[in-house]
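The chain contents come next:
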Amino acid sequence: MPDPAGDTAPLPGLDLDRLATYLHHQVPGLITGPLHGALLTGGRSNLTYAVTDGQSRWVLRRPPLGHVLATAHDMGREYRVMDALAPTAVPVPPMVHHCADPAVLGVPFYLMGQVPGRVHREPEELVGWSPSQVRDLAFRLIDLLAVLHTVEPAEVGLADFGRPDGFNARQVRRWKRQLDASRSRELPGIGELHDRLAAAVPETRAAAVLHGDFRLDNVLLGDDGTVRAVLDWEMSTLGDPLADLALSLVYARRVTAPGQPGTDELAARYARRTGRSVDALPWYLAFAAFKLAVILEGVHYRYVQGQTVGDGFDQIGPRVPPLIAEGLSTLGRR
């Protein structure tokens, strides 16, 4: 993690002087000196910064620069769900303050406590792990997702956090709209994939709190491989837990380190932990591939428009066509 203490250069998207003035008034006593910050690498959607006053350390989250799709990058929802999950067995960072006023930084943002740990941005970072460690981590993550999906929304104040009825049909429509709003090139096969998904939408039979983007690089790991915190809740909602599971499995397929369990084994473990049937999983896996393709295409769109901050964005666009092919293959080509 970059050390923000010695960084005095201007940060794109974060005016530290305005932030300090705001916090002095809204959270008296929180900061004790001038603020320093650093952009945390790896974020390809919301921007994430490490911030310190020399005594305490926090993490600030705000939407990306430029192209922001409707319903995406909702800082209030992300703050609310983590604050609600704080007393549960789902590990989340401590929430400090949410600012809905765009006059401060130009967009809403929130501040949370910094949790010690390491984020593995790419599966290749597991190369030094033993096969048994990789296997244990994969099961630990799927078990944690099962824990999240057994949280009773009403008991943590999230009964109105989403509309589970008709969830899958709305998701197909939503991500088609997101795709249309981010089109900058031809993507062969994505129209067919959408149409076949829309023609066979399964009914949502259970409701759960969903993370919406549960994967290896959205968790903080301790040195012993335990999960210190689950991060990046920007797409969280109430909905069909199999949608959350399927996206996690699509990500897990891309972990090629020795010891990584296969999709069927991870799905079976989830089924045992939750008591839920995974018989309909192929549709959800195909939809997860479609959703991830649309997400990455949105990132690619911001990159070609010059609206991204950080490295690695030139590598995002080529990842989209294989996901389209994966979705079609999962459904079975006609």
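An account of the accompanying structure is given in this report. (Residues numbered from 1 in each chain as written. Predicted model: local features only at pLDDT ≥ 70, side-chain atom pairs only at ≥ 80, totals over all residues. Heavy atoms only, no water.)

### Side note on the nonpolar core
With 85 residues, the main nonpolar core has W233, L245 and L281 as its most contacted residues. In terms of residue count, helix α8 (residues 281-304) provides more of this core than any other element does, 14 residues in total. When neighbours within four sequence positions are excluded, L281 is seen to be in contact with L242, L245, A246, L249 and A267. (Core = buried A, V, L, I, M, F, W, Y, C linked by side-chain atoms within 4.5 Å. Buried < 20%, exposed > 50% of the residue type's maximum accessible area, 1.4 Å probe, protein only. Helix = DSSP H or I, 4+ residues; strand = E, 2+ residues; numbered from the N terminus. Contact = heavy atoms within 4.5 Å.)

### Examining the pattern of salt bridges
This structure, assessed with the given rule, holds 16 salt bridges. Residues joined by salt bridges that share partners form a network here, namely R61, E78, D232 and E234. (Salt bridge = Lys/Arg side-chain N within 4 Å of Asp/Glu carboxyl O.)

### What about the packing of aromatic side chains?
We describe a pair of aromatic rings using the distance from one ring centre to the other and the angle between the two ring planes. Summed over all chains, the structure comprises five aromatic pairs. An angle of 70 degrees between the planes, with centres 5.9 Å apart, marks the rings of Y79 and Y110 as edge-to-face. One end of the pair, Y79, is in helix α2 (residues 75-85); the other, Y110, is in strand β5 (residues 109-113), with 31 residues separating them in the sequence. Each member of the pair, Y79 as well as Y110, is classed as buried. Between W283 and Y284, the aromatic rings sit 5.3 Å apart at their centres with planes inclined by 85 degrees, giving edge-to-face as the arrangement. Pairwise contacts between aromatic rings join W283, Y284, F287 and F290 into one cluster. Residue placement shows R77 over the ring face of F161; its charged tip is 3.9 Å from the ring centre. (Phe/Tyr/Trp six-rings, centres within 6.5 Å; stacked < 30°, edge-to-face > 60°. Lys NZ or Arg CZ within 6 Å of the ring centre and 35° of its normal.)

### Details of the sheet that holds strand β2 (residues 47-52)
With antiparallel pairing, five strands are arranged side by side in an open sheet as β1-β2-β3-β5-β4. The open sheet has two edge strands, β1 (36-39) and β4 (95-99), and neither has a second partner. Put simply, the sheet's adjacent strands are angled 20 degrees from each other on average, direction ignored. With four bridges connecting them, β1 and β2 associate as antiparallel partners. The residue bridging G37 from the neighbouring strand is V51, located in β2. Against the sheet, α2 contacts β3 (57-62), β4 and β5, and its axis sits at roughly 155 degrees relative to β4. (Pairing = 2+ DSSP bridges. Axes fitted to C-alpha atoms, helices over the stretch in contact; angles between N-to-C directions.)

### Concerning the environment of R276
Position of R276 relative to the elements: it lies in the loop between α7 (263-274) and α8. Aside from chain neighbours lying at most four places away, what touches R276 is H149, A206, A207, A208, P241, Y270 and A271. At 3.3 Å, the side chain of R276 forms a polar contact with the side chain of Y270. (Polar contact = N/O pair within 3.5 Å; in protein donor to acceptor, adjacent residues only side chain to side chain.)

### Section: the pairing of β5
Counting buried positions along β5 yields five of five residues, so the element is predominantly enclosed. Burial along β5 is two-sided: F109, L111 and G113 and Y110 and M112, pointing in opposite directions, are all buried. Here four bridges tie β3 to β5, and the two strands are oriented antiparallel to one another. Across the sheet, the residue bridging to L60 is L111, located in β5. Pairing of β4 with β5 involves four bridges; the strand directions are antiparallel. In the strand pairing of β5, H98 is matched with Y110.

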